[in-house]
Amino acid sequence: RMDSIYRYEQKFSRFVHPTGRFYGVRLFVDLLLQRLYGIGATIPYFRGLLSSRYASREIRQLFPQNTTIFRACQMERVIPLRHHVIQDSKFDAEVISELFFEISAAARDIMVMNYIEEATAAAIGWQGVYPFFRYCFDGKQEYSYAKEEDNYWDELGDDDSNDE
């Protein structure tokens, strides 16, 4: 099952713009955790993750200060998304969660933790993982529909992505 999970290409991984990947992985992780652990599980999940896996100073020092992520999560409380991004993320979370449900509960929790870290690192870089978890899942953000001029959602391989 883990092979299928890691081979699956989530929609957010195809966004060209780093901000699109950032917002996309935020939504995907939120939806995945809701499907796996229930509505309202995301914030407690990250509190637990931060107090266990990232509790030691030595671990936290591996991650450089990241003011960009801090600003994006703490200053910009509204996460702009397009309708198709939300629908694609729901689909991705459904597919991945169903694969996780085929794994025993004891192993699943560890595998989910690893998967979320790796998916986040792939989307925003490993240096951003800890600050992303710390600042972007504190319950103060909300989703909103993006303005038409927000062009974060161009995908790799889009025929019109290179048009002027």
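Values in this document were obtained by computation on a predicted structure and should not be read as measured data.

Take the overall build of the protein next. The helix and strand tally for the protein stands at eight helices and two strands. Across the protein, helices and strands are ordered from the amino to the carboxyl terminus as α-α-α-α-α-β-α-α-α-β. A globule of 164 residues ought to have a C-alpha radius of gyration of about 15 Å, and the protein, at 16 Å, matches this closely. When the backbone C-alpha atoms are referred to their principal axes, the protein occupies close to 50 × 35 × 25 Å. Relative to its 164 residues, the protein shows a buried fraction of 42%. Intrachain contacts of the protein at a sequence separation of at least 6 include 84% that bridge at least 24 residues.

Another point: the environment of Leu 27. Its location among the elements puts Leu 27 in helix α2 (residues 18-37). In sequence terms Leu 27 and Ile 79 are 52 residues apart; their C-alpha atoms lie 8.8 Å from each other. Residues within four places of Leu 27 in sequence aside, it is in contact with Leu 81, Val 85, Ile 86, Ser 89 and Tyr 143.

Helix α7 (residues 105-124) packs onto helix α6 (residues 83-101) with a crossing angle of 145° between their chain directions and a minimal axis gap of 10 Å. Residue-level inspection shows Ile 96, Phe 100 and Phe 101 of α6 in contact with α7, the latter providing Arg 108, Met 111, Val 112 and Tyr 115. When grouped by side-chain class, the residues that make up the contact of α6 with α7 number six nonpolar, no polar and one charged.

How each quantity is defined
Residues numbered from 1 in each chain as written. Predicted model: local features only at pLDDT ≥ 70, side-chain atom pairs only at ≥ 80, totals over all residues. Heavy atoms only, no water. Helix = DSSP H or I, 4+ residues; strand = E, 2+ residues; numbered from the N terminus. Rg over C-alpha atoms; globule rule 2.2 N^0.38 Å. Buried < 20%, exposed > 50% of the residue type's maximum accessible area, 1.4 Å probe, protein only. Contact = heavy atoms within 4.5 Å. Axes fitted to C-alpha atoms, helices over the stretch in contact; angles between N-to-C directions. Nonpolar A, V, L, I, M, F, W, Y, C, P; charged D, E, K, R; others polar.

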